Amino acid sequence: MFKTLYVRDAFQCEEGLEVELIGWIRSKRRHGKLIFLDLRDSTGIIQVAVKHGVADNESFMKALDIGLESSVKVKGRLKKDPRAPGGLELHCNHLEIVGPSLEDFPIKKGVGLKFLLDNRHLHLRSPRVAIIMKIRATLMDIARRWLRENGFVEVNCPTFITAAVEGGATLFKVDYFGKPAYLTQSVQFYQEAAIYSLEKVYSLQPSFRAELSRTRRHLTEFWHLEVEMAYADLYDIMKVIEELVYAIVNGLNKESEREIRTLGRELRPEMAEPPYPRIRYSEALQILQSKGVNINWGDDFGADEERILSKEFSKPFFVTHYPKEAKAFYHMPDPSNPSVCLNADLLAPGGYGEIVGGGQRIHDYNLLTERIRENNLNPEEYRWYLDLRKYGSVPHSGFGLGIERMLWWLLHLPHIRSACLFPRTPARVYP
RNA sequence: GCCGCCGUAGCUCAGUCUGGUAGAGCAGCGGGCUGUUAACCCGUUGGUCGGUGGUUCAAAUCCACCCGGCGGCGCCA
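Overview of the structure. Keep in mind it's a predicted model, so treat the numbers as computed, not measured. Within every chain, residues take consecutive numbers counted from 1 along the sequence as written. Throughout, the order in which chains and ligands are written sets their labels, letters from A for the former and numbers from 1 for the latter. In keeping with the predicted nature of the model, local features appear solely for residues at pLDDT of at least 70, side-chain atom pairs appear and are counted solely at 80 or more, and the whole-chain, interface and lining totals rest on all residues. The side-chain numbers reported here are obtained from all heavy atoms of the structure, hydrogens and water having been left aside.

A separate point is the pattern of salt bridges. Think of a salt bridge as a Lys or Arg side-chain nitrogen and an Asp or Glu carboxyl oxygen that are within 4 Å of each other. As enumerated under the stated definition, the model contains 27 salt bridges in all. With a closest N to O distance of 3.1 Å, Asp41 and Lys3 form a salt bridge. Of this pair, Asp41 sits in strand E2 (residues 34–41) while Lys3 sits in the segment before helix H1 (7–10), placing them 38 residues apart in sequence. On the basis of relative accessible area, Asp41 is assigned to the buried category, the value being 5%. A salt bridge links Arg268 to Glu270, with the nearest nitrogen and oxygen atoms 3.9 Å apart. A residue is classified by how much of its surface remains accessible, and Arg268, at 42% relative accessible area, is partly exposed. Exposed residues in this analysis have more than 50% of their type's maximum accessible area, buried residues have under 20%, and partly exposed residues fall in between, with area computed by a 1.4 Å probe over protein chains only. Assessed through its relative accessible area of 43%, Glu270 is described here as partly exposed. By definition, any uninterrupted DSSP run of H or I lasting at least four residues is a helix, any uninterrupted run of E lasting at least two residues is a strand, and each is numbered from the N terminus.

This part covers the layout of surface pockets. Cavity: a set of points on a 1 Å grid over the protein atoms alone where a 1.4 Å probe fits but cannot get out. Pocket: an open set with protein on both sides within 12 Å along at least five of seven lines, its lining residues, like those of a cavity, having an atom within 4 Å of a point. Grid points are joined across faces, edges and corners, and a volume is the space filled by probe spheres set on the points. Of the pockets and cavities examined, the second largest pocket occupies roughly 650 Å³. Lining the second largest pocket are 29 residues, with Ser42, Thr43, Gly44, Ile45 and Pro127 sitting closest to its centre. Sorting elements by how many residues they give to the lining of the second largest pocket places helix H5 (residues 127–149) first, with six residues. By the convention adopted, Pro, Cys, Tyr, Trp, Phe, Met, Ile, Leu, Val and Ala count as nonpolar, Lys, Arg, Asp and Glu as charged, and the other residues, Gly among them, as polar. The class makeup of the residues in the lining of the second largest pocket is 14 nonpolar, six polar and nine charged.

Strands pair, by our definition, only if DSSP identifies at least two bridges between them. Pairing is mixed in the closed barrel, where five strands are placed in the order E1-E2-E3-E5-E4. Direction aside, the axes of adjacent strands within the sheet are offset by 55° on average. Bridging between strand E4 (residues 71–80) and strand E5 (residues 88–99) involves 10 bridges; their strand directions are antiparallel. For Lys79, the partnering residue across the bridge sits in E5 and is Glu89. Residue contacts follow a heavy-atom distance rule, with two residues in contact if any of their heavy atoms lie within 4.5 Å. Fitted lines through C-alpha atoms give the axes, limited to the stretch in contact for helices. The angle between two N-to-C directions lies from 0 to 180 degrees. Packing of helix H2 (residues 57–65) onto the sheet brings it into contact with strand E1 (18–31), E2, strand E3 (44–51) and E5, and relative to E5 it is tilted by some 80°.

In C-alpha cells, the structure reads:
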C-alpha cells in the first residue's frame, strides 16, 4: 500500500512505462466503451483512459460505475497524447477501488459560496485549496527560518489568559473551572516577559478576536506571527519588519513559484524590497486632506482612508507616530512630542490594508502606570506586566503580523477565508 | 453594534414590482456513444417557496416580527 509514485512524478517518467498510481477520481466522462477518469492526488491530476479491451473486463465495469472522489489504484502504461491535459495520460489495464464513494460527492459544478463553506471538509480537496495551503506552509517556514537565522528564539505562549492585552478589544470568554478566563488575542505581554531571558523572541500561534467584523479581511481565529526584541527602538523594529517581509516575498517567489503561477499570480520581489516608505501620521493626514478627505488630527484612519493612502505607494509602507489616543496604552510616547507614540503600522499597497502593527513599548514603570490610569484601566489587573518594569527594564519593541492577511495580500485572494483550511468567522464555527 | 442585499427542487437561479393551484439549467436515475477535457444526445424522478402571525375569496408574491447567510462600516492582524 505504501505509495511510491505520485502524479507529478508520472509526468517525468518515460513514455510506455508501466506504472501504478493511487488517487481520487475528480471527474469521469463516459463514452460507451471508453471512459476518462481524472485522477487527483496531492501533487496533481492525470487523465486515465479506461478502454474496453485494454483494461480487463472487471476493471472496466468498476470504472463504469465508480462514484466521484472514490479512491482508486490504477495500473497501466503512460502514453503521450496531445488530446490529454498535460499531454500525458495513463492507459489503464487494471483498476482497483481502495475506498468507494458511498454517495454522490456533494461538491459539483456550479455550487455556491455558502455551500462550499458548509462543506469545507470536502471542498478542501480542490487543487486550488491544496495549492494555497502549500504556499501557506512555505510562508510560515520561511518566516521561521529567517527569524531563527537572525537570532530570534521561538517561544510558545498560553492561549488561556486572564486579562486583555489591550483595553478595548473583545475577548472570547471561557469557563476555566468555574473562573472566567479568555482566549488570547495577542501574546505580546508574555513575549515582553520572555525578552528578559531570551532577548529576541517570536511566536507563531493563533489569536482570537470576538469582533463581529464581517469583512473580507477579518477572522475570529487567525495565525499571528509576533516578534519582541530587547534593546530595540522604533527604527530597529521597522528594519526587522521590512527585512522579514522582504524575506517572505523573495522566498515565496523562489520556493513556491510554481504554485503561485498556478493561481495566476506573480510575485515581484522588488516590489517588497526595503527600505519601505515611512510617513508620519501627520504627513498621512496632510495627504488625505489634500485629497479632500474630511479628517482631523486625532481621528484614526478608517478603511477608506487606508485605501486612499495605499494608492500613493507601490510598496508596503509604514505609518508612524499616531496620536496616543488612537493607540493602546503600552505604546511609547515620543519623547520629542509626547502627544504621539512610537508606533508603526505596515500597510500593504493596493488597498489590502494593515498587515503588521507594532512599535516601541513603554519600559518605564511610572509612565506605564500613568498610561494605564489615563485609559481608565486598573493597574492592579496589570500587576505582572508592570512587574516587568521593576527589575532591569530595558527599551524594547515588537510587532504582530497576520499570516492570513499576508497571504490575502500576496495572492490577491478574494477573501481572507481562502487562506485557512477551516476558516473561523463570526457566522461560522463549523465544520 | 450600524447599513445594504439575499433565503424557491440535492446544487445554481427565474418567478415577487403588477396576488390567481410551482419553473429552468445542472446533478441524480434509465438508455446511447472509443477521444472527452467539470463531454454530448434521448427519456425521467424530484418542492413544508427560511419560520411565525396578519391582510385577502385567494399569498412564493403584500404587511409585521423572528431566524439564518452574504457584503460593507466600526475595530483590528
